[in-house]
Amino acid sequence: MGLRVGLGYDVHKLSENRKLIIGGVDIPYEKGLLGHSDADVLVHAIMDALLGSCKLGDIGVLFPDTDPKYKDISSIKLLKHVKKELDNKNIKIINIDSTIVAQKPKMRKYIDQMEKNIAAALEMNVDDINVKATTEEELGFTGREEGISSKAVCLVETF
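Positions within a chain are numbered from 1, following the residues in the order the chain's sequence is written. Per-residue local features of the predicted model are confined to residues with pLDDT of at least 70, and side-chain atom pairs are confined, for both listing and counting, to 80 or more; whole-chain, interface and lining totals are unaffected and use all residues. The side-chain values count all of the structure's non-hydrogen atoms but skip hydrogen atoms and water molecules.

Q: Could you give an account of the overall build of the protein chain, naming the residues involved and the relevant values?
A: Helix numbering and strand numbering both begin at the N terminus, where a helix is a DSSP run of H or I of at least 4 residues and a strand a DSSP run of E of at least 2. Scanning the protein chain from N- to C-terminus turns up 5 helices and 7 strands. The linear arrangement of helices and strands in the protein chain, starting from the amino end, is β-β-β-β-α-α-α-β-α-β-α-β. On the principal axes, the C-alpha backbone points of the protein chain span a range of 45 × 35 × 25 Å. Burial status follows relative accessibility: with a 1.4 Å probe on protein chains alone, a residue under 20% of its type maximum counts as buried, one over 50% as exposed, and anything between as partly exposed. Per-residue burial for the protein chain yields a buried fraction of 49% across its 159 residues. Two residues form a contact once any of their heavy atoms are found within 4.5 Å. Taking the intrachain contacts of the protein chain between residues at least 6 apart in sequence as the baseline, contacts between residues at least 24 apart amount to 71%. Only the protein chains shown count as cover for residues, and the accessible areas themselves come from Shrake-Rupley with a 1.4 Å probe. As displayed, the protein chain offers around 8200 Å² of accessible surface, 50% of which is attributable to carbon and sulfur atoms. Each charge class in the protein chain can be summarised by its mean position, and for the 22 positive and 25 negative side chains these summaries are 2 Å apart. His is not counted, nor are the chain ends, whereas Lys and Arg count as positive and Asp and Glu as negative. Here the site of a charge means atom NZ of a Lys, CZ of an Arg, CG of an Asp or CD of a Glu.

Structure representation (structure tokens):
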């Protein structure tokens, strides 16, 4: 039995004619994130943190973007699959802390629902999921509104 930490990071380019899905929430905005799946940058960072914490690679290994069955798939659905992978290894998620980095749109009014979506997918108490959002004060690619990134850290317990 032991504790392990995982760190995840993801970034996607903002693009016309795409939905903006973050934390499983469809956010009304003029652009969406470009990617093979729904490009949910927050959930992707969380999945990478979880997979990394137990040495299961990353989302590109588990869900390759060359596989047509993952085209436009909901990242929340993929997160449920990651949960099953952890369950199969007797790994319990203790908590997740994450940050969305976006100049626009503002995320505050969507964060509670994001936390609920993630908690439900992982069969966890919503109090063990934390989502924050910040800007980069108009600096870098996120500040120029070219893309959105997200970071996540998780603590898991192995049995």
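Q: So, the packing of helix α1 (residues 41-53) against helix α3 (residues 75-88): which residues are in play, and what are the values?
A: How two helices sit against one another is set out by the angle between their axes and by the gap between those axes. Interaxial angles span 0 to 180 degrees and are taken between N-to-C directions of axes, which are lines fitted to C-alpha atoms, for helices over the stretch in contact. Interhelical geometry of α1 versus α3 gives an angle of 10 degrees and a closest axis separation of 10 Å. With respect to each other, α1 and α3 are oriented roughly parallel. Here α1 contributes Val43, His44, Ile46, Met47, Leu50 and Leu51 to the contact with α3, which in turn contributes Ser75, Ile76, Leu78, Leu79, Val82 and Leu86. Classifying every residue of the contact of α1 with α3 by side-chain character gives 10 nonpolar, 2 polar and no charged. Roughly parallel refers to an angle under 35 degrees, roughly antiparallel to one over 145, roughly perpendicular to one between 65 and 115, and oblique to any angle outside these ranges. Amino acids are sorted into nonpolar (Ala, Val, Leu, Ile, Met, Phe, Trp, Tyr, Cys and Pro), charged (Asp, Glu, Lys and Arg) and polar (every other residue, Gly among them).

Q: Kindly report on the sheet that holds strand β7 (residues 147-158), identifying the contributing residues and their values.
A: DSSP calls a pair of strands paired once it identifies at least 2 bridges connecting them. Strand order in the open sheet made by the 5 strands is β4-β1-β7-β5-β6, with mixed pairing throughout. Edge positions in the sheet fall to β4 (32-33) and β6 (129-134), since each has one partner strand and no second. Where helix α4 (residues 108-122) meets the sheet, it contacts β5 (91-101) and β6, and its direction lies at approximately 145 degrees from that of β6.

Q: An account of the packing of aromatic side chains is needed here, citing residue identities and associated values.
A: By convention, a stacked pair of Phe, Tyr or Trp rings (six-membered ring in the case of Trp) has centres within 6.5 Å and planes under 30 degrees apart, an edge-to-face pair has planes over 60 apart, and any other such pair is tilted. Applying the stated criterion to the full structure yields 1 aromatic pair. Centre to centre, the rings of phenylalanine 63 and tyrosine 70 are 5.4 Å apart; their planes meet at 75 degrees, and the pair counts as edge-to-face. The same class applies to phenylalanine 63 as to tyrosine 70, namely buried.

Q: Give me the lowdown on α4, citing residues and values where you can.
A: Under the convention used throughout, the expected extent of a helix is 1.5 Å for every residue step, that is, one less than its residue count. An ideal rise of 1.5 Å per residue puts 21 Å on 15 residues; α4 measures up with 22 Å between its terminal C-alpha atoms. The set of residues buried in α4 consists of Tyr110, Ile111, Met114, Glu115, Asn117, Ile118, Ala119, Ala121 and Leu122. The inward-facing, buried residues of α4 abut β2 (20-22), β3 (25-27), α1, α3, β5 and β6. At the C-terminal side of α4, glutamate 123 shows a positive phi close to 55 degrees.

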